[in-house]
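# Summary of structural features
Here's the letter readout for the chains.
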Number of protein chains: 2
Amino acid sequence: MSTTEKGGGSLLIAWQLKGKKVLIVGGGEVASQRVDSIMNTDAIITILSLSRNLHERTRKFISQFPLSIQLLDKAYEHDTDNTKLLDYDLVLTALDDFEVSKEICQFCREHRIPVNAADIPELCDFYFGSQIRDGPLQIMVSTNGNGPRLANLVKSRIVKALSGSEGAAISKVGVLRVKLRERAPGIGGEVGKRRMAWMTRLCNEWSMEELGALNEENAQRLLDEGWENDRVPSPRALGIKLSRMQVPSSSNNVLPGFIGFCAGLACIVTWKWLRQ
Amino acid sequence: MSTTEKGGGSLLIAWQLKGKKVLIVGGGEVASQRVDSIMNTDAIITILSLSRNLHERTRKFISQFPLSIQLLDKAYEHDTDNTKLLDYDLVLTALDDFEVSKEICQFCREHRIPVNAADIPELCDFYFGSQIRDGPLQIMVSTNGNGPRLANLVKSRIVKALSGSEGAAISKVGVLRVKLRERAPGIGGEVGKRRMAWMTRLCNEWSMEELGALNEENAQRLLDEGWENDRVPSPRALGIKLSRMQVPSSSNNVLPGFIGFCAGLACIVTWKWLRQ
């Protein structure tokens, strides 16, 4: 896995769409996947599609989140809808009609509106990828258009490798950082550096699962006993003990080891028994 | 890990910047990290910074890739540089001066130029995250601003979980798709569906490591013997045999199992020996 490899790729970014206006043109299955993705972001979504063409999932989203999603019950029309695109911060098309997608994309590009046309990579400013979400943790897998199926296989490998505590750990660390900033305020400078160094030490010395087990009480003790004395207490010292379920998956060596052990015993016993 | 969780997150996307113009304002360490990220994309990069402030790594990039990176050896100036921002498709600032960053971001936002200001999340249209690249495979880990250190820990877990063959597999599948499309051309329709179904079967039946072992010759045989007869031959039938190194890491159960087996043998032998 090279970190020096250059060119031929994309810039992977986390786009902030809170309160921004997103237009999705189309109502089919792919459009409903787009709605699903955008719902992560607290954007205000408009769907331009005849109501009768709406996918079941989109219909559910609309009835579930009427304040976030609005339906314009009509097909896209060249003359009247073109300039209305200017009202939006992001436009996605998911249409069977290549010419309409092309027209929308061209208009958007001329007016610097980021645009994606499903299944037409050459018209896209950006691609979607396979996504994982666990609270504040988001992971994206992109094959740069080389194979969506393999993106899903890589995604499965990643999901298997995570313990499921990462999202909780990240949330807890986020809250702790806010508390620490309240206790030792100031942007940048010496105090900023000290805060950052202490947080880094904490994240290095505690496992993700131990960070995820922080609660109101032991977070308070962590700051009182740790930060104030410029040290990082052990999780055990604050009463954090992980259950067997929470231990990260690298300890899964135990099961095959145990099976091997039993097989070893059985082998010798059988051999002795056969020789008797 | 929930897939139904909504809101509070970002839209993770793979931005396409090939041939696009990117401006990086600043010359320090963070600016050099930005250059590093953008170098993935075949964009044309302009760095606006006094030459004497340039980070060593950026200096190296400029001398290594003079056609992709240009230096404007000056500091940002309010009156003259403002409208020049319109020449760019993407603007990144990495400055100590908050006011200058703010001014640049405001101008960009008014003119729909995507913009990121390092360390000032509230000014950003998008965030960066921890990234992994293996050829056409790109993975991004975002904590939505909750802890860059933890993003790196999650990244390490992911790197450990990958066999290192994923990038090669994705490349090979990409080439195979192109060859298949030459052999059975046509956009969409019946042939499109058949192509997609066959590729999906292949990706399901072969491991990532086996796909990565495809070469010119056995790819040809795969299409001749497989596609033409509407079946997926086994890798072994095409002469693909993986070396021990290439077997995915899930088979790492073998080592702990073997150690357990030996421990079991040793246990019984010791017990017998003590009883003698």
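Rules used in this analysis
Residues numbered from 1 in each chain as written. Chains lettered and ligands numbered in written order. Predicted model: local features only at pLDDT ≥ 70, side-chain atom pairs only at ≥ 80, totals over all residues. Helix = DSSP H or I, 4+ residues; strand = E, 2+ residues; numbered from the N terminus. Rg over C-alpha atoms; globule rule 2.2 N^0.38 Å. Buried ≥ 20, exposed ≤ 12 C-beta atoms within 10 Å, placed from the backbone. Contact = placed C-beta atoms within 7 Å. Pairing = 2+ DSSP bridges. Core = buried A, V, L, I, M, F, W, Y, C linked by C-beta atoms within 7 Å. Arc of directions from axis to C-beta. Axes fitted to C-alpha atoms, helices over the stretch in contact; angles between N-to-C directions. Nonpolar A, V, L, I, M, F, W, Y, C, P; charged D, E, K, R; others polar. Least-squares fit on C-alpha atoms with pLDDT ≥ 70 in both. Domains from an automatic or database assignment. Expected span 1.5 Å × (residues − 1). pLDDT = per-residue confidence, 0-100. Right-handed = clockwise from strand over helix to strand, strands pointing away.

## With respect to the overall build of chain A
Helices and strands together make up the secondary structure of chain A, namely 10 helices and 9 strands. In terms of C-alpha radius of gyration, chain A reaches 26 Å, well past the compact-globule figure of 19 Å for 276 residues. Expressed along its principal axes, the backbone C-alpha trace of chain A runs to roughly 85 × 70 × 45 Å. Residues classed as buried in chain A amount to 39% of the 276 residues present. Here the contacts in chain A between residues at least 6 apart in sequence split such that 57% fall between residues at least 24 apart.

## Things to note about the interface of chain A and chain B
With 81 residues of chain A at the interface, the matching set in chain B holds 81 residues. Among the elements that line the side of chain A that touches chain B, the one with the most residues is helix α10 (residues 254-275) of chain A, at 13 residues. Relative to strand β7 (residues 126-127) of chain B, strand β1 (residues 11-15) of chain A runs antiparallel, the two sharing 2 bridges. The partner of Trp15 of chain A across the bridge, within β7 of chain B, is Phe126 of chain B.

## Some thoughts on the nonpolar core
Nonpolar side chains in soluble globular proteins generally cluster together in the buried interior. By size, the foremost hydrophobic cluster in this structure holds 127 residues, and its most contacted members are Ile24 of chain A together with Ile24 of chain B. Setting aside residues no more than four positions away along its own chain, Ile24 of chain A makes contact with Ala31, Arg34, Val35, Ile45, Ile47, Leu92 and Ala94 of chain A.

## Here we look at helix α1 (residues 29-38) of chain A
The complete set of buried residues in α1 of chain A reads Ala31, Ser32, Arg34, Val35 and Ile38 of chain A. The buried residues of α1 of chain A occupy one face: seen down the axis, they fall within an arc of 155°. Summarising the contacts, the buried residues of α1 of chain A are in contact with β2 (21-25), β3 (44-48), α2 (56-64), β4 (69-72) and β5 (90-93) of chain A together with β1 (11-15) of chain B.

## A closer look at the packing of α1 of chain A against α2 of chain A
All names here are of chain A. With their axes 8 Å apart at the nearest point, α1 and α2 run at an angle of 35° to one another. For the pair formed by α1 and α2, the contact residues are Ala31, Ser32 and Val35 on the first element and Arg57, Thr58 and Phe61 on the second. Of the residues that constitute the contact of α1 with α2, the class distribution is 3 nonpolar, 2 polar and 1 charged.

## Looking at the relation of the copies chain A and chain B
Between chain A and chain B, which share one sequence, the superposing operator has a rotation angle of 180° and an axial displacement of 0.0 Å; the RMSD is 0.3 Å. Viewed as a symmetry operation, the transformation between the two copies matches a two-fold axis.

## Focus: the sheet that holds strand β6 (residues 115-117) of chain A
Strand pairing in a sheet is mediated by backbone hydrogen bonds. Such pairs are either parallel or antiparallel. All names here are of chain A. With parallel pairing, 5 strands are arranged side by side in an open sheet as β4-β3-β2-β5-β6. Only two strands of the sheet have a single partner each, and these edge strands are β4 and β6. Here the average twist between neighbouring strands, direction ignored, is 15°. In terms of strand pairing, β5 meets β6 through 3 bridges, oriented parallel.

## Re the domain arrangement of chain A
Residue and element names in this part refer to chain A. Looking at chain A, the domain boundaries give domain 1 (21-128), domain 2 (129-162) and domain 3 (166-246). Placing a centre on the C-alpha atoms of domain 2 and another on those of domain 3 gives a separation of 29 Å. Opposite the 5 residues of domain 2 that make contact, domain 3 presents 6 residues. Partitioned by chemical class, the residues of the side of domain 2 that touches domain 3 number 3 nonpolar, 1 polar and 1 charged.

## Notes on the sheet that holds strand β3 (residues 44-48) of chain B
Residue and element names in this part refer to chain B. Within the open sheet, the 5 strands sit side by side as β4-β3-β2-β5-β6. Their pairing is parallel. With partners counted over all chains shown, the strands left at the sheet margins are β4 (69-72) and β6 (115-117), one partner each. If you compare each strand with its neighbour and ignore which way they point, the axes differ by 15° on average. This element, helix α4 (residues 98-110), spans β2 (21-25), β5 (90-93) and β6 of the sheet and lies at about 165° to β6.

## So, unusual backbone geometry
Its identity as a non-glycine residue notwithstanding, Arg112 of chain A has a phi of 55°, on the positive side. At Asp119 of chain B, a position not held by glycine, the phi torsion is positive, near 70°. By the C-beta count within 10 Å, which is 15 here, Asp119 of chain B ends up partly exposed.

## Considering α4 of chain B
Because each turn of an α-helix spans 3.6 residues, side chains separated by three or four positions end up pointing in the same direction. Residues and elements named next belong to chain B. Along its 13 residues, α4 runs 18 Å from first to last C-alpha, staying within 8% of the 18 Å computed at 1.5 Å per residue. Restricting attention to buried positions, one finds in α4 the residues Ser101, Ile104, Cys105 and Cys108. Looking straight down α4, one finds its buried side chains confined to an arc of 100°; they lie on one side. Those residues of α4 that are exposed and angled more than 90 degrees off the buried face are Glu99, Gln106 and Glu110.

## Some details on the confidence of the model for chain A
All names here are of chain A. Averaged over every residue, the pLDDT of chain A is 89; residues scoring 70 or more account for 92%. For chain A, per-element mean pLDDT is lowest for α10, which scores 73, and highest for β2, which scores 98. With a pTM of 0.83, the predicted complex shows an ipTM of 0.83.

## Quick word on the pairing of β3 of chain A
Residues and elements named next belong to chain A. The pairing of β2 with β3 spans 5 bridges and is classified as parallel. Counterpart to Val25 in the pairing with β3 is Leu48. Relative to β4, β3 runs parallel, the two sharing 4 bridges. Paired with Thr46 across the two strands is Gln70, which belongs to β4. This β-α-β element, β3 to α2 to β4, shows right-handed connectivity.

## Remarks on the environment of Glu103 of chain B
Residues and elements named next belong to chain B. As for its position among the elements, Glu103 is in helix α4. With 16 C-beta atoms packed within 10 Å, Glu103 lands in the partly exposed category. Sequence spacing of Glu103 and Asn82 is 21 residues, and the spatial spacing of their C-alpha atoms is 8.7 Å.

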